[in-house]
Amino acid sequence: MNTKAYMPPTSDGEHNHIVAKDPDIPSRGNLAWFLRAIAITVILLLALVQAPRAHADESHQGDEAAWIPTADQIVQPTAAWNEFCVRMAAECAVDPSETERIQLTDQVWKTIITVNKHVNTMVSPREDISHWGVIDRWDYPADGYGDCEDYQLLKRRILVDAGLSRRALRMVVVLDENREGHAVLMARTDRGDFILDNNRNEVLLWYRTGYVYIKSEGNKSLDWVSLGGHVLVTSSTGQ
């Protein structure tokens, strides 16, 4: 993910980095994606059958801090997101009939943590400039390589295929510990907003990541919304 593409919104609006299109970039192979999707689905099903009982013990039902505050401000996504949505319109659509919050049962929690870990293991990191020859591109890591956003897109696709609400799984732009641009996947549940991240296998409540939360997909329309630069730094120990 290009750090210049993800900066906090200013009063004058965001200055999005313009991504050059390269018509010579080949599309990813459907066979590679199909085989990888089957492989991780098999792993997931085995994990759900064999995994020990798991809980989201760190969440606090009824604690408003467990959900990321959202500012009443529409912001622009990165140009690479818009390009992804042109190629994959269904992946960006918002279905208002879907639930806005996932009921966090034990089985759902197992599914979330298993998908996060196995995608992190399955995909190898590669920056867009060396992968695609462009500064920023959002896509699926069907060839086994990807940038941060590619990991999260794949996680969402698998979770949706597993029956979770796409509307409750939102792409989020943050500043990481080094205050560099980074993309994560937020799972909005009835026990708080949990973050799936390629930087760690643990799935944490948003305020335990130490990240600054800039903006995310909205859950009512295709618009992205400002998260106001919220950050609550708490210890992630004692998971």
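Residues numbered from 1 in each chain as written. Predicted model: local features only at pLDDT ≥ 70, side-chain atom pairs only at ≥ 80, totals over all residues. Heavy atoms only, no water.

## Thoughts on the overall build of the protein
A tally of regular secondary structure across the protein gives 6 helices and 9 strands. Nonlocal contacts in the protein, meaning residues at least 24 apart in sequence, comprise 68% of its contacts between residues at least 6 apart. Total accessible area on the protein stands at roughly 11500 Å², and carbon and sulfur atoms take up 52% of it. (Helix = DSSP H or I, 4+ residues; strand = E, 2+ residues; numbered from the N terminus. Contact = heavy atoms within 4.5 Å. Areas by Shrake-Rupley, 256 points an atom, 1.4 Å probe, with all protein chains shown as cover.)

## Regarding the side chain of Asp197
One can find Asp197 in strand 6 (residues 192–197). Leave out the neighbours within four places in its chain, and Asp197 touches Asn116, Asn120, Gln152, Lys155, His182, Val184 and Tyr211.

## Side note on the pattern of salt bridges
Enumeration according to the criterion identifies 10 salt bridges in this entry. With its nearest N and O atoms 3.0 Å apart, the salt bridge here joins Arg137 to Asp139. Look at the salt bridges and you will find they share partners, linking Arg87, Arg137 and Asp139 into a network. (Salt bridge = Lys/Arg side-chain N within 4 Å of Asp/Glu carboxyl O.)

## Observations concerning helix 4 (residues 106–122)
Counted at 1.5 Å a residue, the expected span for helix 4 with its 17 residues is 24 Å, and the 24 Å between its end C-alpha atoms agrees. When we look at burial in helix 4, the residues that qualify are Val108, Trp109, Lys110, Thr111, Ile112, Thr114, Val115, Asn116, Val119 and Asn120. (Expected span 1.5 Å × (residues − 1). Buried < 20%, exposed > 50% of the residue type's maximum accessible area, 1.4 Å probe, protein only.)

## Quick word on the nonpolar core
Buried together is how nonpolar side chains tend to be arranged in soluble globular proteins. Of all hydrophobic cores here, the largest spans 52 residues; its most connected members are Trp81, Ile112, Trp138 and Tyr213. Trp81 has contacts with Cys92, Trp138, Leu153, Arg156, Met171, Glu217 and Trp224, leaving out every residue within four places of it along the chain. (Core = buried A, V, L, I, M, F, W, Y, C linked by side-chain atoms within 4.5 Å.)

## Things to note about the packing of aromatic side chains
The geometry of an aromatic ring pair is captured by the separation of the ring centres together with the interplanar angle, meaning the angle of the planes. Applying the stated criterion to the full structure yields 8 aromatic pairs. Note on Trp138 and Trp224: the rings are 6.5 Å apart at their centroids and 80° apart in plane angle, and the pair reads as edge-to-face. Of the two residues, Trp138 sits in the loop between helix 5 (128–131) and strand 3 (145–146) while Trp224 sits in strand 9 (residues 224–230), which places them 86 residues apart along the sequence. No difference in accessibility class separates Trp138 from Trp224, as the two residues are buried. Ring geometry for Trp206 versus Tyr207: centroids 6.0 Å apart, planes at 80°, classification edge-to-face. Residue classification places Trp206 among the buried residues on the basis of a relative accessible area of 2%. (Phe/Tyr/Trp six-rings, centres within 6.5 Å; stacked < 30°, edge-to-face > 60°.)

## Description of unusual backbone geometry
You will see that Arg179, though not glycine, has its phi angle at about 55°, which is positive. By secondary structure assignment, the location of Arg179 is in the loop between strand 4 (169–175) and strand 5 (181–189).

## A closer look at helix 6 (residues 148–161)
An ideal rise of 1.5 Å per residue puts 20 Å on 14 residues; helix 6 measures up with 21 Å between its terminal C-alpha atoms. With respect to burial, helix 6 is a largely interior element, 12 of its 14 residues being buried. Listing the buried residues of helix 6 in full gives Cys148, Glu149, Asp150, Tyr151, Gln152, Leu153, Leu154, Lys155, Arg156, Ile158, Leu159 and Val160. Directly beyond the C-terminal end of helix 6, a positive phi value near 110° is found at Gly163.

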